[in-house]
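What follows is the residue order along each chain.
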Amino acid sequence: MQRQRSILSFFQKPTAATTKGLVSGDAASGGGGSGGPRFNVKEGDAKGDASVRFAVSKSVDEVRGTDTPPEKVPRRVLPSGFKPAESAGDASSLFSNIMHKFVKVDDRDCSGERSREDVVPLNDSSLCMKANDVIPQFRSNNGKTQERNHAFSFSGRAELRSVEDIGVDGDVPGPETPGMRPRASRLKRVLEDEMTFKEDKVPVLDSNKRLKMLQDPVCGEKKEVNEGTKFEWLESSRIRDANRRRPDDPLYDRKTLHIPPDVFKKMSASQKQYWSVKSEYMDIVLFFKVGKFYELYELDAELGHKELDWKMTMSGVGKCRQVGISESGIDEAVQKLLARGYKVGRIEQLETSDQAKARGANTIIPRKLVQVLTPSTASEGNIGPDAVHLLAIKEIKMELQKCSTVYGFAFVDCAALRFWVGSISDDASCAALGALLMQVSPKEVLYDSKGLSREAQKALRKYTLTGSTAVQLAPVPQVMGDTDAAGVRNIIESNGYFKGSSESWNCAVDGLNECDVALSALGELINHLSRLKLEDVLKHGDIFPYQVYRGCLRIDGQTMVNLEIFNNSCDGGPSGTLYKYLDNCVSPTGKRLLRNWICHPLKDVESINKRLDVVEEFTANSESMQITGQYLHKLPDLERLLGRIKSSVRSSASVLPALLGKKVLKQRVKAFGQIVKGFRSGIDLLLALQKESNMMSLLYKLCKLPILVGKSGLELFLSQFEAAIDSDFPNYQNQDVTDENAETLTILIELFIERATQWSEVIHTISCLDVLRSFAIAASLSAGSMARPVIFPESEATDQNQKTKGPILKIQGLWHPFAVAADGQLPVPNDILLGEARRSSGSIHPRSLLLTGPNMGGKSTLLRATSWLLRAV
């Protein structure tokens, strides 16, 4: 009972009489034991509280000469006047010896009365929460203990405003507003974020709760700040780019910032580190690593406050506007910003504070921009099965030729580590450009701000807004866009780009009709990726030529929009489209190949029949269809995993900071284990289909497949990597990597990549199986009857007087799959006969048909049903 009373008295709120003393560190007064620091401050001194805090910061783990706070929190101390309750007699309680481990720093005025805990009423509710339960503590640059809020903070009733009222001045320059931002109110995004924070056990403010806050005069500088920037050169009326151009200048570069030289000289070391990078990356949201936290400053802080609802304070480097989060929550914050279309960079510490302290008292912790992530270059996270493309385009007028405009283009899929380059000739209608945009479906487009015609810019906006989300159109200043073909060739050769490509980059470019303009577009793409720190992608990426209409029907972008091939005209979604109807694919690689096939309908009759042979075999053999589906469900995204593994060969992970480098190695172990296990499932599928001799013989006609069995087969080669994974990385899903493991992993990856071409052939074969199986499922599950089309090569037909030559289209019982009634009743079928010559009657059917009739008469249904059939085969 006596011990219990001492515990209760320890948590009892001290009176004014007990708080008049000063901190002495004496064990008898509860000051932290005999081993703790001793402070002697005169009683009644007005500066006693500041002296205590200064002594604490000076005595515990101070790093001299750096702007980074120490990573350890100083030992808490008790007010000198506080004494623990004693039991009967003079013997102290057993709990009194460890009281100091549970006591928080009392930063209030030690000579006066203890400040009361003010309660801010939010609603008529009886539930209160202490600020200490919401706001974790952190160390600022001067060593003082301050507060950081990652959820919600209110200092009075005046701040209880609606979240919609907290906005950012639209005239303040900064990272450009992303086109990918979801069209939802900020309140909805905040509520979505709250659901995520609940999973991380962060208290969330409810409308029926009240938040109890401590009004601490010491932390007054940490109250929420909504005022504008204190830096004059950041104000919208004075901001300039690196060349001192104003935003109204046609050549203004919003990616750069001009900082007056005299201002830059007066900055502290950490300020110079941040602003030297930020001045070159104004379009990037930059997280600055400080100790155990990542922080956003000034214009980026406004975005953190607006998009993530973080509390804005006056702190950070140079006492500027700042928001931040601990290093444990940085990945989630980055993914949220990427999902809303922002580009995010991370400035990391290259060493810890202890390492900097060991090098000297006045040593500055080095920092470096090591990573820039954008929605168009994402290779990890929830990026979905669709290909994520970044497209660069260049336009040249060719007035003397029939086709007056030539477009050079280059695009990349960073997740798959693949580049394409090409050129197209077009007219004023931009039909070919529209076809390119619909086929590539880029997430971001780079183009000359002044070098692209008005018609081309209209086409960019037209064909990139067909989906449910908008595409970022990033104009490049004309000075940056002037990259001639010779200069691009020199850049590629001098930097060793595309060395890891299966074919030479010259072969991909030299065969193009207008290789100079294509190289110019490729140069813009290279400059952009180099700025984003994606050197590994440039060095190890495969590059291929791309032709918009080669070997396929010439279907322009407007036709794809009218036929609603990928997006409907109602809400821009996939419902009611050809892609949605045919998409029964299981693997992500199969879904991407299906889209590619739909964009490029075959003209070669032999190739079409090869595909139909496999579909017919699947339809006739349901067991093979079921076995194939079971194996496909086990497969990861092999194409993207192979790209990630290729980019890690001789990559720059070793030069990353220790913490980030260890994380990257851990991810590589996981990726390598997944790709080895995934290829095992894929090869097992192919070996299982070999028992069906007819299926494999048909598949060999359609795809190029490497040798699977035997001494030189992939199956035996893969088994060696499986044994290595089981022995060296048994817990590859979540395994810590040592230096010895890292060296072993590097050797395994280099050996594995030696057969990258064969692995790509296996991936393509499995993807073809997935797509053709999807066609078979669509045929077997249809509401009406389906038949294999009979396709003949082009032939000549002769009548009595003249020779005719051309295509023939003859369809009987045609129906549209989405015209089926809700009760399953089929629509009235239609017959179509175009281009056929009858010898008996001597008549020739026309090659075109003009559809007329009233509204809702079925004209568009017949048109789309016919076009769908032609594209599907």
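Definitions and limits used
Residues numbered from 1 in each chain as written. Predicted model: local features only at pLDDT ≥ 70, side-chain atom pairs only at ≥ 80, totals over all residues. Heavy atoms only, no water. Helix = DSSP H or I, 4+ residues; strand = E, 2+ residues; numbered from the N terminus. Buried < 20%, exposed > 50% of the residue type's maximum accessible area, 1.4 Å probe, protein only. Contact = heavy atoms within 4.5 Å. Areas by Shrake-Rupley, 256 points an atom, 1.4 Å probe, with all protein chains shown as cover. Phe/Tyr/Trp six-rings, centres within 6.5 Å; stacked < 30°, edge-to-face > 60°. Lys NZ or Arg CZ within 6 Å of the ring centre and 35° of its normal. Expected span 1.5 Å × (residues − 1). Pairing = 2+ DSSP bridges. Axes fitted to C-alpha atoms, helices over the stretch in contact; angles between N-to-C directions. pLDDT = per-residue confidence, 0-100. Patch = residues over 30% accessible without salt bridge, like charges linked within 9 Å, V, L, I, M, F, W, Y side chains within 5 Å. Salt bridge = Lys/Arg side-chain N within 4 Å of Asp/Glu carboxyl O. Disulfide = S-S within 2.5 Å. Polar contact = N/O pair within 3.5 Å; in protein donor to acceptor, adjacent residues only side chain to side chain.

Engineer: Whenever I open this one, the overall build of the chain confuses me. Can you help?
Structural biologist: Tallying secondary structure elements over the chain gives 27 helices and 20 strands in all. Counting over 873 residues, the chain shows a buried share of 48%. Taking as baseline every contact in the chain between residues at least 6 positions apart, the subset at least 24 positions apart corresponds to 70%. By element, 50% of the accessible surface of the chain is carried by carbon and sulfur atoms, the whole surface being about 43,300 Å².

Engineer: Sorry if this is basic, but what is going on with the packing of aromatic side chains here?
Structural biologist: Geometry of an aromatic ring pair is reported as the spacing of the ring centres plus the angle between the planes. On inspection of all chains with the given rule, the structure shows 24 aromatic pairs. An angle of 80° between the planes, with centres 5.8 Å apart, marks the rings of F231 and W275 as edge-to-face. Note that F231 is positioned in the loop between strand 4 (210-211) and helix 4 (261-265) and W275 in helix 5 (residues 269-278), a separation of 44 residues in sequence. On the basis of relative accessibility, which here comes to 2%, the residue W275 falls in the buried class. An aromatic cluster is built from F231, W233, Y274, W275, F288 and Y297, whose rings are joined through pairwise contacts. The ring of F566 carries the charged tip of R595 above its face, separated from the ring centre by 3.9 Å. Stacked on the ring of F717, the Lys or Arg R755 has its end atom at 4.2 Å from the ring centre.

Engineer: Would you explain helix 14 (residues 515-531) in this entry?
Structural biologist: Every α-helix winds through 3.6 residues per turn, so residues three or four apart in the chain are directed the same way. Taking 1.5 Å per residue, 17 residues should reach 24 Å; helix 14 reaches 24 Å between its end C-alpha atoms and fits that length. Of all the 17 residues making up helix 14, 13 are buried; the element is thus mostly covered by neighbouring parts of the structure. At the exit of helix 14 stands K533, carrying a positive phi of roughly 65°.

Engineer: How do you make sense of the sheet that holds strand 8 (residues 320-326) when you look at a structure like this?
Structural biologist: Sheet strands line up and pair through hydrogen bonds in the backbone, either parallel or antiparallel. Judged by pairing direction, the sheet is mixed, and its 6 strands sit side by side in the order 7-8-6-5-9-10 without closing on themselves. The sheet is open, and its two edges are formed by strand 7 (313-315) and strand 10 (367-373), each paired on a single side. On average, adjacent strands in this sheet sit at an angle of 40° to one another, irrespective of strand direction. Two strands pair when backbone bridges link them, and strand 5 (residues 285-290) and strand 9 (residues 344-349) are joined in this way by 4 bridges, in the parallel orientation. For L286, the partnering residue across the bridge sits in strand 9 and is G345.

Engineer: Before we go on, may I ask you to explain the pairing of strand 15 (residues 472-476) in this structure?
Structural biologist: Looking along a regular strand, one sees the side chains alternate between the two faces of the sheet. Every second residue of strand 15 is oriented toward a common face, the buried set being Q472, A474 and V476 and the non-buried set L473 and P475. Both strand 14 (residues 444-448) and strand 15 contribute to a ladder of 5 bridges, which runs parallel. Counterpart to L446 in the pairing with strand 15 is A474.

Engineer: So what exactly am I meant to see when it comes to the confidence of the model for the chain here?
Structural biologist: Close inspection of predicted coordinates is inappropriate for parts of the model with low pLDDT. Looking at the chain as a whole, its pLDDT mean stands at 74, while 67% of the residues score no less than 70. Contacts for the low-pLDDT stretch residues 1-78, under 50 throughout, to residues beyond four places or in other chains number 130 contacts. This stretch, residues 797-801, has a pLDDT under 50; its non-local contacts, to residues over four places away or in other chains, come to 5 contacts.

Engineer: Can you help me understand the sheet that holds strand 16 (residues 542-545) in this one?
Structural biologist: Read from one edge to the other, the open sheet built from 6 strands follows the order 15-14-11-12-13-16, with strand pairing classed as mixed. The open sheet has two edge strands with one neighbour each: strand 15 and strand 16. Taking each pair of neighbouring strands and ignoring which way they run, the sheet shows an average axis angle of 20°. Packing against the sheet, helix 10 (residues 454-463) makes contact with strand 11 (390-397), strand 12 (405-413), strand 14 and strand 15, and its axis sits at approximately 175° to strand 14.

Engineer: Help me out: how do you make sense of a nonpolar patch on the surface in this one?
Structural biologist: A contiguous nonpolar surface patch, about 280 Å² in accessible area, is contributed by L849, L851 and L863. Within the secondary structure, L851 sits in the loop between strand 20 (830-834) and helix 27 (859-872). Judged by relative accessible area, L851 falls into the partly exposed class, the value being 35%.

Engineer: Would you explain the environment of P545 in this entry?
Structural biologist: Position of P545 among the secondary structure elements: in strand 16. Along the sequence, P545 and C507 sit 38 residues apart, while their C-alpha atoms lie 8.2 Å from each other. Not counting chain neighbours up to four residues away, the residues in contact with P545 comprise W420, V421, A508 and L512.

Engineer: Is there a simple way to explain the state of the cysteines in this structure?
Structural biologist: Each disulfide consists of a covalent bond between the sulfur atoms of two cysteine residues. Taken as a whole and judged by the stated rule, the model has 0 disulfides. Distance from the sulfur of C703, which forms no disulfide, to the nearest cysteine sulfur (C768) is 3.6 Å.

Engineer: Looking at this structure, I do not really get the environment of S494. What am I missing?
Structural biologist: Residue position: S494 is located in helix 12 (residues 485-495). Judged by its relative accessible area of 55%, S494 falls in the exposed class. Within the structure, the side chain of S494 is placed 3.2 Å from the backbone oxygen of I491, a separation counted as a polar contact. Separated by 3.3 Å, the side chains of S494 and N495 make a polar contact.

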